[in-house]
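# Structure at a glance
So you can see what is in the structure, the chains are spelled out below.
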Amino acid sequence: MVVWALAKKELRLLLRDRMAVVVLLGMPLVFILLWGLMLGENFGQKNADEKLRVFLVDLDQGEGLSPGVPWSKEVYKDLNETAGIRVEYLPGLDEAERQIRKHKVAAVLVFRPDFSDRINKCSFLADGINPFHRDGVYLDRIDAELLKDPKQPGAAAIIDQVAQVSLLRVVLPWMIGKAFERLSEPEFIELLGKRMELPGPLGPVTLGRLLDGYALGDPKRAADLRQKVGKGVQDALKEQFKKYDLTGKTWATLTRSTDEAPGEAAPAATEGPHWSDFGAQRYQQLVPSFTVMFPFFLAMVVGWVFVTERRQGTLKRLRFAPVSRAQILAGKLLPCFVLSMGLAAFLLLAGRLIFQMSWGPASWPLWEQVGWLLPVVTATSFASMGLALLVAAVSRSEIQVALFGALPVLVMALVSGCILPREMMTGSAQALSWFTPHGWALAAYRELLGDDPQYVPDLWVVAQSCGVLTAFGAGFLGLAWWLLRLD
Amino acid sequence: MAAFLEVVDLRKNYGPVHALNSVGFSVREGELFGLLGPNGAGKTTLLSILSGLLGPTAGEVRLEGRRVGSGDRGLRRLIGVAPQELALYGDLTARENLHFFGELYGLGGAALRGRVDKVLAAVALTDRADARVHTFSGGMKRRLNLGAALVHEPRLLLLDEPTVGVDPQSRNHIFEEVRRLNAAGVTILYTSHYMEEVQALCPRVGVIDHGRLVACGEVADLLRRLDGLIRIHVPRLTPELRERLAGVPDCTLGERPPSEEEGATLELNCRDVKSTLVRVVTILNELKVELISLETEEPNLERVFLHLTGRDLRD
């Protein structure tokens, strides 16, 4: 009853400042909108259609598998048919270097003029080009180059690996197919004839001699026999490895993967971010980020409430009354908790209605989505409430509230990934985020909030995050109880 | 009759500073007890301990035989406090303030609403009941401050300088309310540095200075310790005049040191100011003395304070 009276009074005082309420609710929405507008397609994903963009410069002047079609086109085709990749050409090397210098692209794959010639010369034979090394393909040996932006090492590394895989898929089947063809050539049979020894009545005899013996000295017949051996070896290998077409010179034919649908061709890229692109992936990240961040700013509100109460003498009157210290604190914290829950609910609802954010897997019914969001909101509010009381406990003036409240909350928001996505941070920075309640709240939201029907959230992650958030709240409250003085 | 409020050898130290030093007194139920002392004497500290807000360094306070400050929250329901600093929520209305404070003491529902209306009427704020307190004048805030101490019908009311910074109308209103409450049986402890208030309101007072209770008793008894004073200012003091005035019975004649003003000033300390005044005027008429001014001063608590401490109450 007393706690309820105290809480009612606090809520009444807080809500009586209408401008403050408008700012409290409106500012996070403005932040989400502005952030979404500013970051647009570069936030979280590389483009509005959520595919990885790979840029090419094609200077190749040779021919590949088909007449008039250079090998660079085979690489382009392979990249283009890969799911999640969108390939775009840049007009020339100068443009590529300019884009790199201005940090607009992370990397550009350049096919230089001799690319096709070099690929044609790639072979397992000693006189061919060996393009492979432990980690992939030597670009310089095949007259290709990957221009990289040193300021975007992570993204450039991803594109490097994508290019390597594509090149491997183009070059390796070509080399296998060519090698397989050589099995029936006279040179190979000759080599085989000299190296293979078979037991004979008078001791070991080479295959070549054996074949010559069967040919009875007829060179034409000897050649014919050798050809048959070569074909037989090929046929036997084909039969042995019938899962693969060793004559195929492309990945698709080698792996007999014609029944698999290739990746989707990239649609035309949209030009620049569009502010009304409310269903975009970025809002799936922005809304929970600010839903986590802003309730923690209520720490300053509670701090100010305590300082004001002390300054205007009413805290003394509360202490005259038959009200315990715990009741006074509970009465002050309850409105903060309710406000925090209300703010989070408002932002999630706004996220759904305005920014078309989903609340969970589409396969879940609404009650299940809400049912899992509720503990996250509650645990986050509990943690923010604890921090609020801690700020109130250590602050003696409005300035101290601003210092002890705003600074830690901002730092935690930054470190945790509320302002800058965690994926864009270094490993050590990401590790730091786990020392903040914000980091755990974000982890829970990101686990839950997804619209992919195939995606099933790991509810243990959500439960674990809620537990840690509750522990944060309890820890803050405990420390605040120890530090807070009502006199 | 057993004391309603008993203060026994109370001490309060803040480090080397002795805010209260062996203070002891008792108050009967239904009494209006005044505590008079200058700023910094220890009145507010004493009230803070009586209300349970502070704990004493030594000594104890008992209310109806129960120890105050021992965590007995039930005792706090018996006590109402109007602190010296206004303790009101500026953004709430008068009614909301009183309603909230009533709820803290366990009141609610129609009973609380009725009680709030009564208190608003008692402090003459009914017509401003639904206005926010930050729009009130200082006097109105003081009245509401008092009202907040009354809403739960306390049996002991502690008033700390309730008329500081208040307009005369509000002041009178507060006095009336204090008398009315006392007449209704509320025990009141009224602290002030205004001698006139305490002397007018309280039959019994304690005088406190530098943390010590230098006097305690019925006002009449305290005043009886001092003589009245008649101050005579004449252009010239003749030996005959001096001799005649020195001969007035039950009086002692004193002469004030010469000042910049012309003439001489004589002071007659006497038990009965009225009858002595008649004799003085007769003497002056007989000697045809030209009189510049004539003042009388009955014994008052300020003079008692000066007599006890050697300092003015307003020092």
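Quick notes on the rules
Residues numbered from 1 in each chain as written. Chains lettered and ligands numbered in written order. Predicted model: local features only at pLDDT ≥ 70, side-chain atom pairs only at ≥ 80, totals over all residues. Helix = DSSP H or I, 4+ residues; strand = E, 2+ residues; numbered from the N terminus. Buried ≥ 20, exposed ≤ 12 C-beta atoms within 10 Å, placed from the backbone. Contact = placed C-beta atoms within 7 Å. Nonpolar A, V, L, I, M, F, W, Y, C, P; charged D, E, K, R; others polar. Axes fitted to C-alpha atoms, helices over the stretch in contact; angles between N-to-C directions. Parallel < 35°, antiparallel > 145°, perpendicular 65-115°, else oblique. Pairing = 2+ DSSP bridges. Expected span 1.5 Å × (residues − 1). Arc of directions from axis to C-beta. Left-handed = near helix turned anticlockwise from the far one by under 90°.

It is worth spelling out unusual backbone geometry at this point. Residue and element names in this part refer to chain B. With a phi close to 55°, Ser 22 is a non-glycine residue in the positive phi region. Within the element layout of this structure, Ser 22 appears in strand S2 (residues 17–27). On the neighbour-count criterion, Ser 22 (14 C-beta atoms within 10 Å) is partly exposed. Even without a glycine there, the phi angle at Ala 124 is positive, about 55°. In this structure, Ala 124 sits in the loop between helix H4 (109–122) and helix H5 (138–150).

Moving on, we come to the interface of chain A and chain B. Between chain A and chain B, the residue contacts involve 16 residues of the former and 22 residues of the latter. Secondary structure elements with two or more residues in the side of chain A that touches chain B: helix H1 (2–16) and helix H13 (314–320) of chain A. Per element, the largest residue contribution to the side of chain A that touches chain B is 6 residues, and it comes from H1 of chain A. In the side of chain A that touches chain B, the residues fall into 7 nonpolar, 3 polar and 6 charged.

Moving on, we come to the packing of helix H15 (residues 366–394) of chain A against helix H18 (residues 437–448) of chain A. Residues and elements named next belong to chain A. Across the interface, H15 lies against H18 with an axial gap of 10 Å and an inter-helix angle of 170°. In this view, H15 runs roughly antiparallel relative to H18, as classed from their interaxial angle. Contacts between H15 and H18 involve Trp 372, Leu 373, Val 376, Thr 380 and Ala 383 from the first element and Pro 437, Ala 441, Ala 444, Tyr 445 and Leu 448 from the second. Residues of the contact of H15 with H18, tallied by class, amount to 9 nonpolar, 1 polar and no charged.

Residues and elements named next belong to chain A. Strand order in the open sheet formed by 4 strands is S2-S1-S3-S6, with mixed pairing between adjacent strands. The sheet terminates laterally at strand S2 (85–89) and strand S6 (144–148), the two strands that pair on one side only. Averaged over all neighbouring strand pairs, the angle between strand axes comes to 25°, with direction disregarded. Here strand S1 (residues 52–58) pairs with S2 via 5 bridges, running parallel. Bridge assignment links Val 54 to a residue of S2, and that residue is Val 87. Set on the sheet, helix H3 (residues 71–80) makes contact with S1, S2 and strand S3 (107–111); between it and S2 the angle comes to about 145°.

All names here are of chain B. Here Leu 158 lies in strand S7 (residues 156–160). For Leu 158, a count of 25 C-beta atoms within 10 Å corresponds to the buried category. Along the sequence, Leu 158 and Pro 83 sit 75 residues apart, while their C-alpha atoms lie 8.0 Å from each other. Among residues more than four places away in sequence, those in contact with Leu 158 are Leu 47, Leu 50, Ser 51, Ile 79, Val 81 and Leu 189.

Residues and elements named next belong to chain B. Taking 1.5 Å per residue as the helical rise, helix H10 (residues 273–286) with its 14 residues ought to reach 20 Å, and the 20 Å between its terminal C-alpha atoms agrees with that figure. Of all the residues in H10, the buried ones are Thr 276, Arg 279 and Val 280. Across the axial projection of H10, the buried residues extend over an arc of 100°, all falling on one side. Residues of H10 that are exposed and angled more than 90 degrees away from the buried face: Lys 274, Val 278, Thr 282 and Asn 285. Buried residues belonging to H10 abut strand S11 (228–234), helix H9 (239–246), strand S12 (251–255) and strand S13 (264–270). Where H10 ends, the next residue or the one after it, Lys 288, has phi of about 50°, a positive value.

Once that is clear, we can look at the packing of H1 of chain A against helix H3 (residues 94–104) of chain B. Interhelical geometry of H1 of chain A versus H3 of chain B gives an angle of 155° and a closest axis separation of 8 Å. Here H3 of chain B runs roughly antiparallel to H1 of chain A, going by the angle between their axes. Note that H1 of chain A runs across H3 of chain B; the crossing there is left-handed. The residues of H3 of chain B that touch H1 of chain A, namely those facing Val 2, Ala 5 and Lys 9 of chain A, are Phe 100, Glu 103 and Leu 104 of chain B. Considering only residue class, the contact of H1 of chain A with H3 of chain B consists of 4 nonpolar, no polar and 2 charged.

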